[in-house]
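Per-entry structural report
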Amino acid sequence: MSSVFDDLVGQEHIIEILQSAAAASREGAQTQEMTHAWLFTGPPGSGRSSAAVAFAQSLICSSNGCGTCSDCNAAKTSGHPDVEIIRTEGLSIKVEEIRELLTRVAWAPSMGGWRVVVMEDADRLTESAANALLKAIEEPGTRTVWLLCAPTLHDVLPTIRSRCRHLQLRTPSIEAVTQVLINRDKISPDMAQFAAKVSQGHIGRARYLATNETARSNRKLVMQLPMQLGSLASALQAAQTLVDIATEEAKTTSGSRDEFEIEKLQEAYGKGATGRGMASGGSKAVKELEKEQKSRATRMVRDSIDGTLLDLATFYRDVMMVQSGSTEALINSDLSGEVATYSASALVSSSIKKLDAIMESRTHLAMSAAPLATCEALMCRLAQP
Ligand SMILES: [Zn+2]
(Lines give C-alpha, C1' and ligand atoms only; values in the text may rest on other atoms or scores of the structure.)
Protein backbone atom coordinates (compact mmCIF):
# COMPACT_ATOMS: atom_id res chain seq x y z
CA MET A 1 0.00 0.00 0.00
CA SER A 2 1.24 3.45 -0.78
CA SER A 3 2.01 5.93 1.98
CA VAL A 4 2.90 9.60 2.27
CA PHE A 5 6.16 8.47 3.84
CA ASP A 6 7.27 6.76 0.60
CA ASP A 7 8.49 10.15 -0.62
CA LEU A 8 10.99 10.60 2.20
CA VAL A 9 14.31 9.49 0.84
CA GLY A 10 16.82 7.91 3.20
CA GLN A 11 14.89 8.83 6.37
CA GLU A 12 13.83 5.36 7.56
CA HIS A 13 15.01 6.17 11.09
CA ILE A 14 12.35 8.86 11.56
CA ILE A 15 9.57 7.33 9.46
CA GLU A 16 9.13 4.60 12.04
CA ILE A 17 8.75 7.15 14.84
CA LEU A 18 6.25 9.25 12.89
CA GLN A 19 4.17 6.28 11.81
CA SER A 20 3.85 4.89 15.30
CA ALA A 21 3.01 8.34 16.70
CA ALA A 22 0.27 8.77 14.12
CA ALA A 23 -1.08 5.29 14.82
CA ALA A 24 -1.03 5.91 18.57
CA SER A 25 -2.86 9.21 18.17
CA ARG A 26 -5.57 7.44 16.23
CA GLU A 27 -6.11 4.94 19.02
CA GLY A 28 -6.21 7.24 21.97
CA ALA A 29 -5.33 10.88 21.54
CA GLN A 30 -2.41 12.06 23.61
CA THR A 31 -0.08 9.26 24.45
CA GLN A 32 3.56 9.51 25.19
CA GLU A 33 4.38 8.92 21.57
CA MET A 34 2.07 11.65 20.39
CA THR A 35 3.38 15.00 21.55
CA HIS A 36 1.93 18.21 20.17
CA ALA A 37 5.16 19.99 19.30
CA TRP A 38 7.76 18.53 16.97
CA LEU A 39 10.94 19.98 15.56
CA PHE A 40 12.31 18.65 12.26
CA THR A 41 15.91 19.57 11.53
CA GLY A 42 18.17 18.60 8.67
CA PRO A 43 20.45 20.02 6.01
CA PRO A 44 18.92 21.82 3.01
CA GLY A 45 17.43 19.29 0.62
CA SER A 46 17.08 16.52 3.18
CA GLY A 47 13.33 17.09 3.04
CA ARG A 48 12.53 18.38 6.52
CA SER A 49 9.38 20.18 5.38
CA SER A 50 8.31 17.18 3.26
CA ALA A 51 8.65 15.03 6.37
CA ALA A 52 6.55 17.47 8.40
CA VAL A 53 3.86 17.65 5.72
CA ALA A 54 3.79 13.83 5.43
CA PHE A 55 3.31 13.61 9.18
CA ALA A 56 0.51 16.18 8.99
CA GLN A 57 -1.19 14.06 6.32
CA SER A 58 -0.86 10.90 8.37
CA LEU A 59 -2.46 12.64 11.35
CA ILE A 60 -5.58 13.73 9.49
CA CYS A 61 -5.96 10.84 7.02
CA SER A 62 -8.28 8.04 8.10
CA SER A 63 -5.94 5.42 6.68
CA ASN A 64 -2.68 6.53 8.28
CA GLY A 65 -1.48 8.79 5.47
CA CYS A 66 -2.40 6.88 2.31
CA GLY A 67 -1.32 9.79 0.09
CA THR A 68 -4.24 9.27 -2.27
CA CYS A 69 -7.44 10.20 -0.39
CA SER A 70 -8.98 13.67 -0.54
CA ASP A 71 -7.77 14.54 2.98
CA CYS A 72 -4.18 13.68 2.07
CA ASN A 73 -4.32 15.68 -1.15
CA ALA A 74 -5.96 18.71 0.44
CA ALA A 75 -3.44 18.73 3.30
CA LYS A 76 -0.51 18.79 0.91
CA THR A 77 -1.78 21.75 -1.06
CA SER A 78 -2.83 23.82 1.98
CA GLY A 79 -6.47 23.18 1.08
CA HIS A 80 -7.43 21.25 4.20
CA PRO A 81 -9.33 23.13 6.91
CA ASP A 82 -7.31 21.42 9.66
CA VAL A 83 -3.86 21.75 8.15
CA GLU A 84 -2.01 24.98 7.78
CA ILE A 85 1.38 25.15 6.07
CA ILE A 86 3.32 28.33 6.82
CA ARG A 87 5.92 29.14 4.19
CA THR A 88 7.88 32.30 4.79
CA GLU A 89 8.82 34.46 1.89
CA GLY A 90 10.47 37.20 3.91
CA LEU A 91 13.63 36.96 5.96
CA SER A 92 11.77 36.81 9.28
CA ILE A 93 8.45 35.79 10.80
CA LYS A 94 7.09 38.65 12.88
CA VAL A 95 5.06 38.59 16.06
CA GLU A 96 1.98 40.03 14.29
CA GLU A 97 1.99 37.09 11.89
CA ILE A 98 2.13 34.62 14.78
CA ARG A 99 -0.70 36.38 16.64
CA GLU A 100 -2.84 36.26 13.51
CA LEU A 101 -1.98 32.58 13.07
CA LEU A 102 -2.93 31.82 16.67
CA THR A 103 -6.40 33.30 16.27
CA ARG A 104 -6.84 31.29 13.08
CA VAL A 105 -5.94 27.96 14.67
CA ALA A 106 -7.75 28.55 17.95
CA TRP A 107 -10.83 26.69 16.71
CA ALA A 108 -11.30 23.02 17.38
CA PRO A 109 -10.43 20.76 14.44
CA SER A 110 -13.30 20.65 11.98
CA MET A 111 -13.07 16.93 11.28
CA GLY A 112 -12.12 15.69 14.75
CA GLY A 113 -8.61 14.50 15.47
CA TRP A 114 -6.00 17.21 15.12
CA ARG A 115 -5.42 20.64 13.77
CA VAL A 116 -1.90 20.70 12.37
CA VAL A 117 0.38 23.65 11.70
CA VAL A 118 3.53 23.09 9.68
CA MET A 119 6.02 25.93 9.99
CA GLU A 120 8.67 25.50 7.33
CA ASP A 121 11.07 28.16 8.56
CA ALA A 122 10.92 28.21 12.34
CA ASP A 123 14.49 29.56 12.25
CA ARG A 124 13.09 32.83 10.91
CA LEU A 125 10.94 33.54 13.96
CA THR A 126 11.87 36.82 15.63
CA GLU A 127 12.35 36.56 19.37
CA SER A 128 8.99 38.11 20.17
CA ALA A 129 7.30 35.88 17.58
CA ALA A 130 8.93 32.84 19.16
CA ASN A 131 7.69 33.89 22.59
CA ALA A 132 4.15 34.30 21.32
CA LEU A 133 4.35 30.85 19.77
CA LEU A 134 5.79 29.37 22.94
CA LYS A 135 2.64 30.24 24.87
CA ALA A 136 0.51 28.35 22.35
CA ILE A 137 2.79 25.33 22.40
CA GLU A 138 2.69 25.19 26.20
CA GLU A 139 -1.08 25.28 26.39
CA PRO A 140 -2.31 21.99 27.90
CA GLY A 141 -5.01 19.89 26.31
CA THR A 142 -4.70 21.59 22.96
CA ARG A 143 -5.80 19.81 19.81
CA THR A 144 -3.25 21.69 17.73
CA VAL A 145 -0.06 19.92 16.68
CA TRP A 146 2.92 22.12 15.83
CA LEU A 147 5.43 20.83 13.31
CA LEU A 148 8.39 23.19 13.18
CA CYS A 149 11.23 22.91 10.70
CA ALA A 150 14.71 24.44 10.89
CA PRO A 151 18.19 23.66 9.54
CA THR A 152 19.68 22.87 12.97
CA LEU A 153 18.66 22.83 16.63
CA HIS A 154 20.66 26.00 17.24
CA ASP A 155 18.48 27.95 14.83
CA VAL A 156 15.57 27.76 17.23
CA LEU A 157 15.27 29.46 20.64
CA PRO A 158 16.16 27.08 23.50
CA THR A 159 12.75 27.70 25.12
CA ILE A 160 11.01 26.46 21.98
CA ARG A 161 13.25 23.53 21.26
CA SER A 162 13.03 22.23 24.83
CA ARG A 163 9.26 21.84 24.36
CA CYS A 164 9.55 19.99 21.07
CA ARG A 165 10.23 16.41 20.25
CA HIS A 166 13.27 16.59 17.99
CA LEU A 167 13.77 14.62 14.78
CA GLN A 168 16.99 14.91 12.84
CA LEU A 169 16.88 14.16 9.11
CA ARG A 170 19.92 12.89 7.26
CA THR A 171 21.32 13.89 3.90
CA PRO A 172 20.14 10.99 1.73
CA SER A 173 22.79 8.93 -0.02
CA ILE A 174 23.47 9.53 -3.70
CA GLU A 175 22.25 6.00 -4.43
CA ALA A 176 18.95 6.66 -2.65
CA VAL A 177 18.39 9.91 -4.58
CA THR A 178 19.25 8.17 -7.86
CA GLN A 179 16.71 5.43 -7.17
CA VAL A 180 13.95 7.92 -6.39
CA LEU A 181 14.62 9.88 -9.57
CA ILE A 182 14.44 6.67 -11.59
CA ASN A 183 11.42 5.11 -9.88
CA ARG A 184 9.28 8.09 -9.02
CA ASP A 185 10.21 10.71 -11.61
CA LYS A 186 10.84 8.23 -14.44
CA ILE A 187 14.22 9.72 -15.24
CA SER A 188 16.74 7.66 -17.19
CA PRO A 189 19.35 5.91 -14.99
CA ASP A 190 22.31 7.84 -16.47
CA MET A 191 20.69 11.22 -16.01
CA ALA A 192 19.44 10.27 -12.53
CA GLN A 193 22.90 9.25 -11.43
CA PHE A 194 24.51 12.38 -12.83
CA ALA A 195 21.96 14.72 -11.21
CA ALA A 196 22.07 12.93 -7.85
CA LYS A 197 25.85 13.05 -7.79
CA VAL A 198 26.38 16.69 -8.67
CA SER A 199 23.57 17.71 -6.29
CA GLN A 200 25.20 15.83 -3.42
CA GLY A 201 22.02 14.32 -2.00
CA HIS A 202 19.90 17.47 -2.36
CA ILE A 203 16.85 15.82 -3.85
CA GLY A 204 15.02 18.96 -4.99
CA ARG A 205 18.09 20.27 -6.76
CA ALA A 206 18.73 16.85 -8.30
CA ARG A 207 15.21 16.65 -9.69
CA TYR A 208 15.44 20.22 -11.00
CA LEU A 209 18.69 19.47 -12.83
CA ALA A 210 17.46 16.15 -14.17
CA THR A 211 14.28 17.62 -15.61
CA ASN A 212 15.42 21.03 -16.79
CA GLU A 213 17.83 21.56 -19.65
CA THR A 214 18.33 25.26 -18.92
CA ALA A 215 19.32 24.38 -15.37
CA ARG A 216 21.93 21.98 -16.72
CA SER A 217 23.39 24.47 -19.16
CA ASN A 218 23.45 27.15 -16.43
CA ARG A 219 25.37 24.78 -14.21
CA LYS A 220 27.88 24.27 -17.01
CA LEU A 221 28.30 28.05 -17.37
CA VAL A 222 28.92 28.42 -13.66
CA MET A 223 31.40 25.57 -13.57
CA GLN A 224 33.46 27.24 -16.33
CA LEU A 225 33.92 30.38 -14.22
CA PRO A 226 37.01 29.17 -12.30
CA MET A 227 38.85 28.82 -15.64
CA GLN A 228 37.91 32.32 -16.73
CA LEU A 229 39.09 34.17 -13.65
CA GLY A 230 42.25 36.07 -14.49
CA SER A 231 41.92 39.81 -14.34
CA LEU A 232 39.85 41.98 -12.06
CA ALA A 233 37.53 42.69 -14.97
CA SER A 234 36.93 38.98 -15.53
CA ALA A 235 36.18 38.49 -11.83
CA LEU A 236 33.57 41.24 -11.87
CA GLN A 237 32.10 39.82 -15.06
CA ALA A 238 31.92 36.36 -13.45
CA ALA A 239 30.05 37.81 -10.46
CA GLN A 240 27.55 39.44 -12.79
CA THR A 241 27.07 36.17 -14.70
CA LEU A 242 26.40 34.36 -11.46
CA VAL A 243 23.82 36.87 -10.26
CA ASP A 244 22.16 36.97 -13.71
CA ILE A 245 21.78 33.20 -13.79
CA ALA A 246 20.33 33.15 -10.28
CA THR A 247 17.91 35.97 -11.07
CA GLU A 248 16.75 34.26 -14.23
CA GLU A 249 16.24 30.98 -12.37
CA ALA A 250 14.23 32.73 -9.67
CA LYS A 251 12.13 34.50 -12.29
CA THR A 252 11.31 31.31 -14.16
CA THR A 253 10.12 29.65 -10.97
CA SER A 254 8.16 32.57 -9.57
CA GLY A 255 6.91 34.41 -12.68
CA SER A 256 3.83 32.38 -13.47
CA ARG A 257 3.04 31.93 -9.79
CA ASP A 258 3.07 35.75 -9.25
CA GLU A 259 0.63 36.35 -12.08
CA PHE A 260 -1.64 33.55 -10.93
CA GLU A 261 -1.77 34.94 -7.39
CA ILE A 262 -2.58 38.47 -8.53
CA GLU A 263 -5.30 37.19 -10.82
CA LYS A 264 -6.83 35.11 -8.02
CA LEU A 265 -6.81 38.09 -5.71
CA GLN A 266 -8.39 40.37 -8.31
CA GLU A 267 -11.06 37.77 -8.92
CA ALA A 268 -11.80 37.67 -5.22
CA TYR A 269 -12.35 41.41 -5.28
CA GLY A 270 -14.39 41.28 -8.46
CA LYS A 271 -12.00 42.03 -11.28
CA GLY A 272 -13.38 43.81 -14.32
CA ALA A 273 -16.37 45.15 -12.46
CA THR A 274 -16.02 48.74 -11.45
CA GLY A 275 -17.42 47.59 -8.15
CA ARG A 276 -16.47 49.24 -4.93
CA GLY A 277 -14.58 46.17 -3.75
CA MET A 278 -11.70 46.74 -6.11
CA ALA A 279 -11.64 50.42 -5.38
CA SER A 280 -11.68 50.21 -1.62
CA GLY A 281 -9.81 47.12 -0.47
CA GLY A 282 -8.75 45.48 -3.71
CA SER A 283 -5.97 47.69 -4.95
CA LYS A 284 -4.48 47.89 -1.48
CA ALA A 285 -4.49 44.11 -1.23
CA VAL A 286 -2.88 43.82 -4.67
CA LYS A 287 -0.15 46.25 -3.60
CA GLU A 288 0.48 44.23 -0.47
CA LEU A 289 0.66 41.03 -2.45
CA GLU A 290 3.11 42.61 -4.89
CA LYS A 291 5.28 43.65 -1.97
CA GLU A 292 5.24 40.10 -0.63
CA GLN A 293 6.08 38.74 -4.07
CA LYS A 294 9.01 41.11 -4.31
CA SER A 295 10.48 39.94 -1.03
CA ARG A 296 9.91 36.35 -2.11
CA ALA A 297 11.79 37.04 -5.34
CA THR A 298 14.70 38.50 -3.37
CA ARG A 299 14.83 35.42 -1.23
CA MET A 300 14.64 33.11 -4.24
CA VAL A 301 17.56 34.90 -5.88
CA ARG A 302 19.57 34.46 -2.69
CA ASP A 303 18.67 30.77 -2.47
CA SER A 304 19.55 30.34 -6.10
CA ILE A 305 22.94 32.06 -5.68
CA ASP A 306 23.55 29.83 -2.69
CA GLY A 307 22.91 26.74 -4.81
CA THR A 308 25.30 28.06 -7.43
CA LEU A 309 27.99 28.68 -4.84
CA LEU A 310 27.57 25.11 -3.61
CA ASP A 311 28.12 23.93 -7.20
CA LEU A 312 31.28 26.04 -7.42
CA ALA A 313 32.49 24.60 -4.11
CA THR A 314 32.24 21.09 -5.56
CA PHE A 315 34.59 22.18 -8.36
CA TYR A 316 37.32 23.24 -5.93
CA ARG A 317 36.63 20.15 -3.85
CA ASP A 318 37.25 18.02 -6.97
CA VAL A 319 40.43 19.97 -7.68
CA MET A 320 41.65 19.09 -4.19
CA MET A 321 40.82 15.43 -4.74
CA VAL A 322 42.87 15.37 -7.93
CA GLN A 323 45.70 17.25 -6.24
CA SER A 324 45.76 14.62 -3.52
CA GLY A 325 46.08 11.90 -6.16
CA SER A 326 42.50 10.59 -6.25
CA THR A 327 40.57 10.77 -9.49
CA GLU A 328 37.91 8.18 -8.81
CA ALA A 329 35.69 10.08 -6.46
CA LEU A 330 35.05 13.21 -8.53
CA ILE A 331 31.66 14.81 -7.97
CA ASN A 332 31.72 16.53 -11.36
CA SER A 333 32.84 13.61 -13.44
CA ASP A 334 31.56 15.39 -16.57
CA LEU A 335 34.21 18.06 -15.98
CA SER A 336 37.17 15.76 -15.33
CA GLY A 337 39.20 17.42 -18.11
CA GLU A 338 38.70 20.93 -16.73
CA VAL A 339 39.40 19.76 -13.19
CA ALA A 340 42.62 18.05 -14.26
CA THR A 341 43.92 21.11 -16.13
CA TYR A 342 43.05 23.41 -13.28
CA SER A 343 44.64 21.15 -10.64
CA ALA A 344 47.90 21.01 -12.51
CA SER A 345 48.42 24.76 -12.32
CA ALA A 346 47.05 25.47 -8.83
CA LEU A 347 48.41 25.01 -5.32
CA VAL A 348 46.64 22.75 -2.81
CA SER A 349 46.72 25.54 -0.23
CA SER A 350 44.98 27.91 -2.61
CA SER A 351 42.16 25.42 -3.24
CA ILE A 352 41.50 25.26 0.50
CA LYS A 353 41.45 29.06 0.69
CA LYS A 354 38.98 29.22 -2.19
CA LEU A 355 36.65 26.72 -0.58
CA ASP A 356 36.77 28.81 2.61
CA ALA A 357 36.02 31.96 0.63
CA ILE A 358 32.92 30.34 -0.91
CA MET A 359 31.62 29.17 2.47
CA GLU A 360 32.16 32.65 3.95
CA SER A 361 30.21 34.25 1.12
CA ARG A 362 27.33 31.86 1.73
CA THR A 363 27.25 32.93 5.37
CA HIS A 364 27.24 36.61 4.34
CA LEU A 365 24.41 36.02 1.89
CA ALA A 366 22.38 34.23 4.54
CA MET A 367 22.80 37.34 6.70
CA SER A 368 21.30 39.51 3.92
CA ALA A 369 24.51 40.91 2.42
CA ALA A 370 23.95 42.47 -1.03
CA PRO A 371 24.14 39.62 -3.58
CA LEU A 372 26.18 41.30 -6.31
CA ALA A 373 28.70 42.90 -3.97
CA THR A 374 29.13 39.57 -2.15
CA CYS A 375 29.70 37.72 -5.42
CA GLU A 376 32.16 40.37 -6.63
CA ALA A 377 34.20 40.12 -3.45
CA LEU A 378 34.15 36.34 -3.75
CA MET A 379 35.18 36.23 -7.41
CA CYS A 380 38.09 38.57 -6.68
CA ARG A 381 39.28 36.12 -4.03
CA LEU A 382 38.79 33.16 -6.36
CA ALA A 383 40.77 34.97 -9.07
CA GLN A 384 43.87 35.06 -6.90
CA PRO A 385 46.45 32.42 -7.71
ZN1 LIG B 1 -5.08 9.63 3.01
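Note: the structure precedes this text.
These notes cover the structure that comes with them. (Residues numbered from 1 in each chain as written. Predicted model: local features only at pLDDT ≥ 70, side-chain atom pairs only at ≥ 80, totals over all residues. Heavy atoms only, no water.)

**Observations regarding the coordination of the zinc ion**
What counts here: Note: metal donors comprise N, O and S atoms at 2.8 Å or less from the metal (3.2 Å for Na, K and Ca); water molecules are not included, so apparent gaps in a site are possible. In short, tetrahedral needs four donors with all angles between 85 and 135 degrees, square planar needs four and octahedral six donors with opposite donors over 155 degrees apart and all other angles between 65 and 115, and whatever is left is irregular. Burial status follows relative accessibility: with a 1.4 Å probe on protein chains alone, a residue under 20% of its type maximum counts as buried, one over 50% as exposed, and anything between as partly exposed.
Protein coordination at the zinc ion comes from C61 (SG), C66 (SG), C69 (SG) and C72 (SG), with a distance range of 2.3 to 2.4 Å. In this structure, the zinc ion is coordinated by four donor atoms arranged in tetrahedral fashion, with angles at the metal of 102 to 117 degrees. Donor residues for the zinc ion, ordered by position in the chain, follow C-x4-C-x2-C-x2-C. Looking at C61, the relative accessible area reads 1%, which means it is buried.

**Focus: the pairing of strand β1 (residues 37-41)**
Convention followed: Each helix corresponds to a stretch of at least 4 residues labelled H or I by DSSP, and each strand to a stretch of at least 2 residues labelled E; elements are numbered beginning at the N terminus. Criterion used throughout: strands pair if DSSP finds at least two bridges between them.
Buried residues dominate β1, accounting for five of its five residues. As paired strands, β1 and strand β4 (residues 144-150) are joined by five bridges and run parallel to one another. Bridging from a neighbouring strand, A37 pairs with W146 of β4. The sheet contact formed by β1 and strand β5 (residues 165-168) spans four bridges and is parallel. Across the sheet, residue L39 finds its bridge partner in β5, namely H166.

**A closer look at the pattern of salt bridges**
Definition in use: By convention in these notes, a salt bridge is any Lys or Arg side-chain nitrogen within 4 Å of a carboxyl oxygen on Asp or Glu.
One pass over the structure, following the stated rule, counts twelve salt bridges. Between R124 and D121 there is a salt bridge, with the nearest N and O atoms lying 3.7 Å from each other. Here R124 and D121 have matching classes, each one buried. D318 is the salt-bridge partner of R317, the closest N and O atoms lying 2.8 Å from each other.

**So, a negative patch on the surface**
Selection criterion: Distance thresholds for patches are 9 Å for like charges and 5 Å for nonpolar side chains (Val, Leu, Ile, Met, Phe, Trp, Tyr), applied to residues having over 30% relative accessible area and no salt bridge. Values of accessible area rely on a 1.4 Å probe in the Shrake-Rupley scheme; residue burial ignores everything except the protein chains shown. In this tally Asp and Glu are treated as negative and Lys and Arg as positive; neither His nor the chain ends contributes. We put the charge of a Lys on NZ, of an Arg on CZ, of an Asp on CG and of a Glu on CD.
Where like charges cluster on the molecular surface, the negative patch consists of E96, E97, E288 and E292. Elements with a contribution of two residues or more to the negative patch: α4 (95-104) and α12 (276-323). As for its placement among the helices and strands, E97 is situated in helix α4.

**A few points about unusual backbone geometry**
Of note, K186 is a non-glycine position whose phi angle comes to about 55 degrees, a positive value. On the accessibility criterion, K186 (67% relative accessible area) is exposed.

So yeah, pure geometry; function would need other evidence.
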